[in-house]
Structure formats: structure tokens, C-alpha cells
Amino acid sequence: MHVRKINNPEEAPISLLLVADPSKKAVHDYINRGICFVLEVEKEIRGVFVLLPTRPYIIECVNIAVEERYQNKGLGKLMLTEAINIAKSNGYQTMEIGTGNSSIGQLALYQKCGFRITGVDRDFFIRHYDEEIYENGIHCRDMIRLSKDL
Ligand code: COA
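Residues numbered from 1 in each chain as written. Predicted model: local features only at pLDDT ≥ 70, side-chain atom pairs only at ≥ 80, totals over all residues. Heavy atoms only, no water.

Draft legend 1. Inspection of the site of the ligand at higher detail. Lining the immediate environment of the ligand, one finds 21 residues, of which I64, V66, N72, K77 and Q106 sit closest. A distance of 3.4 Å is found between an oxygen atom of the ligand and a side-chain nitrogen or oxygen belonging to Q71. Residue N72 places a main-chain N or O atom 2.7 Å away from an oxygen atom belonging to the ligand. Look at the ligand: alone it shows 960 Å² of surface, and the protein chains cover 70% of it. In this structure, the ligand is accommodated by the largest pocket. (Near = heavy atom within 4 Å. Polar contact = N/O pair within 3.5 Å; in protein donor to acceptor, adjacent residues only side chain to side chain. Areas by Shrake-Rupley, 256 points an atom, 1.4 Å probe, with all protein chains shown as cover. 1 Å grid on protein atoms, 1.4 Å probe; cavity = no way out; pocket = protein on both sides within 12 Å on 5 of 7 lines; lining within 4 Å. Sits in = over half its atoms within 2 Å of the grid points.)

This is the structure in C-alpha cells:
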């Protein structure tokens, strides 16, 4: 099992990236501006994340996703830990991450990895997404912003 950087945006696993963010426009924007990494086991891609430098010393982890059949087996935590290590070793001081108010499991994972809530972008998903999103029986409206000092 290893995490490797994707050098050519065309190699990025688009369908897996779309699991984390249903907006094709946003996904293409992230992979062109950020650095895409995949988690591979015997050449099979099981997970993906994108690191996007936003401001000096600050990097955001966007589009983290694990193939559905491999979820809840620790791969998401392993990738986020690796993302933190990559950012630290490249001199970043803060990692940011954002998720929907309805993404209960994601909020649990991020806080278990040391991220703390810094703010709420109210109605973010209403403003930026055409389709309504529901998860866990909750209407996804607000973006919860979290960050971690590295
Ligand atoms: N309450 C408490 N803890 C919860 C929880 C809940 N409702 N749901 C999940 N968790 C915890 C688990 O217990 C686990 O923590 P632990 O290791 O301390 O037990 C952790 O969250 C999940 O870890 P892991 O198994 O590594 O997650 P994963 O491999 O399934 O990856 C995602 C997590 C989010 C990347 C994956 O589920 C996914 O791809 N989801 C779809 C895409 C997505 O939503 N991406 C994020 C966009 S913001």
C-alpha cells in the first residue's frame, strides 16, 4: 500500500474525486490548481486526495475519497495522516479542510485527526450547487471549515 503523487491531471481518478464533490467544475479546478495523490494497493487505486495551496504557509486538503467498498477500514485516516505529513515536510504551517453540515462521519474523522472548527460558511452548498444534497437525513446547506496547526 502506498501513496503516490499524480503528475498529469489526466491521470486523476475523476469518478472517485466526484464521490467527494459532485461538482465536475470544482473537481477539475482543484486538480488543475492543486496536487493530486492516490492511495494504491497492487496498482489498484483505492483512495484519492488533493492538496491545494491557498495562502502563504496554508494548504487545504480537498476531495478526499475512498472507494466505497474499502470505506470504514482506516484508509481515510491513513490518507489524511499522510496528507498532514506531506504538508509538514513541505513547510506548510496550517492545513484546512471543509465539509458539509450533514457529513457526520467526515466531521468525526477530521476531529479525530486533530482538526478544529474555525467557522461556518452559511448556505455555501445552496449558493454553489444546483442539486440539493441530503446526507444522514440532514439537508446539506452550510460548509463547516476546520483547520489544524502543523
Ligand atoms: N461517529 C463517530 N465516529 C465516526 C462516525 C460517526 N458517526 N463516522 C465515522 N467515524 C469515524 C470512525 O470511527 C473512524 O475513526 P476511528 O479510526 O477512530 O475509529 C473514522 O471516522 C473513519 O475513518 P476511516 O475508516 O479511515 O474512513 P474512510 O476510509 O471511510 O474514509 C472518507 C473517510 C470520508 C474519505 C470516506 O468515507 C469517503 O470517501 N466518503 C465519501 C467521500 C467524501 O465524503 N469525502 C469527504 C468530502 S468533505
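Having seen the model, we can carry on.
Draft legend 2. Representation of the state of the cysteines within the structure. Within the structure shown, the criterion is met by 0 disulfides. Lacking any disulfide linkage, C61 is separated from the closest cysteine sulfur, that of C113, by 9.7 Å. Free of any disulfide, C140 has its nearest cysteine sulfur in C61, 17 Å distant. (Disulfide = S-S within 2.5 Å.)

Draft legend 3. Main features of helix α3 (residues 75–89). With 15 residues, α3 should reach 21 Å at 1.5 Å per residue; the first-to-last C-alpha distance of 21 Å fits that figure. Within α3, the full set of buried residues consists of L75, G76, M79, L80, A83, I84, I86 and A87. Turning to α3, the residues buried within the fold contact β2 (35–41), β3 (44–55), β4 (58–66), β5 (94–100), α4 (104–112) and β9 (143–149). (Helix = DSSP H or I, 4+ residues; strand = E, 2+ residues; numbered from the N terminus. Expected span 1.5 Å × (residues − 1). Buried < 20%, exposed > 50% of the residue type's maximum accessible area, 1.4 Å probe, protein only. Contact = heavy atoms within 4.5 Å.)

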